[in-house]
Amino acid sequence: MTTLTAEKITPENVAAACQLAVQPHQKAFVAPVAVSLAEAYAQPDIAWPRLILRDGEPVAFVMGAFDPHAELDFFRCGIWRLNVGAGVQGRGYGRFAVETVLEEARRRGQKAATVLWIPLEGGPEDFYLKLGFRPTGQTFNGEVVGRIEL
């Protein structure tokens with residue numbers, strides 16, 4: 001039986017997290033994990049980075065963002081980054097990662113969460129729509145703002 005866990009980034013797993021890479025054509029849609037971790041380091045009160053492990057092996061990285069005072073409402077609670085390893089996509093790890101952030105959002109008393117995506121072929125739009133996110137009609141820097149009720 002496969003066990004999936006979401007772990008805090010630690011000195012012991014940070015190198016493994018940074019080695020996770022998406023498929024080459026997906027690099028235009030998501031920053032590398034190392035960039036996400038640098039942003040998390042710079043905003044530790046907002047960023048919520050987690051390494052997703054399958055039976056102890058890294059398969060994905062997700063970073064939630066929780067900033068109840070953000071000027072833009074769609075930056076108050078949501079998915080900031082999602083990177084699923086190129087060789088292990090399509091196995092439910094991305095769904096698990098997103099659900100981990102949504103669970104944390106519920107724990108914090110949030111009623112909705114958001115995610116932004118670039119609306120181009122090969123991007124993550126279909127993935128987020130299947131999970132229940134719906135476009136709000138807003139865009140930010142050319143990205144669609146999606147929202148899910150919790």
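Placed above this text is the structure.
Residue numbering note: each chain is counted from 1, following its sequence as written. Residues qualify for local features only when their pLDDT is at least 70, as the model is predicted, and side-chain atom pairs are given and counted only at 80 or more; totals for whole chains, interfaces and linings, by contrast, use all residues. As a rule here, side-chain values come from all non-hydrogen atoms in the structure, and water together with hydrogens is ignored.

Trainee: Let's hear about the pattern of salt bridges: which residues, and what values?
Mentor: For this document, the term salt bridge refers to a Lys or Arg side-chain nitrogen within 4 Å of an Asp or Glu carboxyl oxygen. In this structure the tally under the stated criterion is five salt bridges. Taking the shortest distance from any N to any O, the salt bridge between Arg108 and Glu104 comes out at 2.8 Å. With a relative accessible area of 37%, Arg108 lands in the partly exposed category. Residue Glu149 is joined to Arg147 by a salt bridge in which the shortest nitrogen-to-oxygen separation is 2.8 Å. Among the residues examined, Glu149 registers a relative accessible area of 55% and is labelled exposed. To sort residues, take the accessible area from a 1.4 Å probe on protein chains only and compare it with the maximum for the residue type: under 20% means buried, over 50% means exposed, and anything in between is partly exposed. Among the residues examined, Arg147 registers a relative accessible area of 34% and is labelled partly exposed. Linked by salt bridges that have partners in common, Glu104, Arg107 and Arg108 make up one network.

Trainee: Provide a residue-level description of helix α2 (residues 33–42), including the pertinent values.
Mentor: The helix count covers DSSP runs of H or I at least four residues long, the strand count covers runs of E at least two residues long, and both are numbered beginning at the N terminus. Within the span of α2, buried status applies to Val33, Ser36, Leu37 and Ala40. All buried residues of α2 project into a common sector of 100° when viewed along the axis, lining one side. Along α2, exposed side chains directed more than 90 degrees from the buried face belong to Tyr41 and Ala42. Along its buried surface, α2 packs onto α1 (14–19), β2 (47–54), β3 (57–66) and β4 (77–84). Directions pointing from the helix axis toward each C-beta atom define the arc. Whether two residues are in contact is decided by their heavy atoms, any of which lying within 4.5 Å being enough.

Trainee: Now, about helix α3 (residues 93–107): what can you tell me, with residues and values included?
Mentor: Spacing of three or four residues puts side chains on the same side of an α-helix, whose turn is 3.6 residues. Between its first and last C-alpha, α3 extends 21 Å over 15 residues, near the 21 Å set by a 1.5 Å rise per residue. One or two steps after α3, the chain reaches Gly109, where phi turns positive at roughly 85°. Multiplying 1.5 Å by the residue count of a helix minus one yields the expected span of that helix.

Trainee: Describe the side chain of Asn13, naming the residues involved and giving the relevant values.
Mentor: Locating Asn13 in the fold gives a position in the loop between β1 (4–8) and α1. Polar contacts, as counted here, are pairs of nitrogen or oxygen atoms within 3.5 Å of one another; within protein the pair requires one atom able to donate a hydrogen and one able to accept it, and residues that are adjacent in sequence qualify only if both atoms are side-chain atoms. A distance of 2.9 Å separates a polar side-chain atom of Asn13 from the backbone oxygen of Lys8. In this structure, Asn13 is in contact with Glu7, Lys8 and Leu51, ignoring residues within four places of it in sequence.

Trainee: Explain the environment of Leu72 to me, and be specific about the residues and the numbers.
Mentor: Topologically, Leu72 is positioned in the loop between β3 and β4. As for Leu72 and Gly109, which are separated by 37 residues in sequence, their C-alpha atoms are 19 Å apart.

Trainee: Go over the packing of aromatic side chains with me, naming the residues and quoting the values.
Mentor: Between the rings of Phe, Tyr and Trp (Trp by its six-membered ring), a pair exists once the centres lie within 6.5 Å; its type follows the angle of the planes, with under 30 degrees stacked, over 60 edge-to-face, and the other angles tilted. Going through the model one piece at a time under the given rule, you end up with seven aromatic pairs. Judged by centre distance (5.1 Å) and plane angle (70°), the rings of Phe127 and Tyr128 are edge-to-face. Of the residues examined, Phe127 reaches a relative accessible area of 30% and is grouped as partly exposed. The buried category is assigned to Tyr128, whose relative accessible area is 5%. An aromatic cluster of three or more residues is present, and its members are Trp117, Phe127, Tyr128 and Phe133. Each ring is checked for a lysine NZ or an arginine CZ that lies within 6 Å of its centre and within 35 degrees of its normal; such an atom marks a charge sitting over the ring. Against the face of Trp48 rests Arg50, its NZ or CZ located 4.0 Å from the ring centre. Sitting above the plane of the Phe66 ring, Arg108 keeps its charged end 4.1 Å from the centroid.

Trainee: How would you summarise the pairing of β3 if you had to cite specific residues and measurements?
Mentor: Within a regular beta strand, the side chains point alternately toward one face of the sheet and then the other, so they alternate between its two faces. Burial analysis of β3 places eight of its 10 residues in the buried class, the great majority of the element. Two strands are said to pair when DSSP picks up at least two bridges between them. In this sheet, β3 lies alongside β2 in antiparallel orientation, the contact comprising eight bridges. Bridge pairing in β3 links Ala47 to Ala65. Hairpin connection between β2 and β3: a loop of two residues separates the two successive antiparallel strands, and Asp55 in this loop has a positive phi of roughly 50°. Bridge count for β3 against β4 is seven bridges, and the pairing is antiparallel. Residue pairing for β4: Phe61 is matched across the bridge by Asn83.

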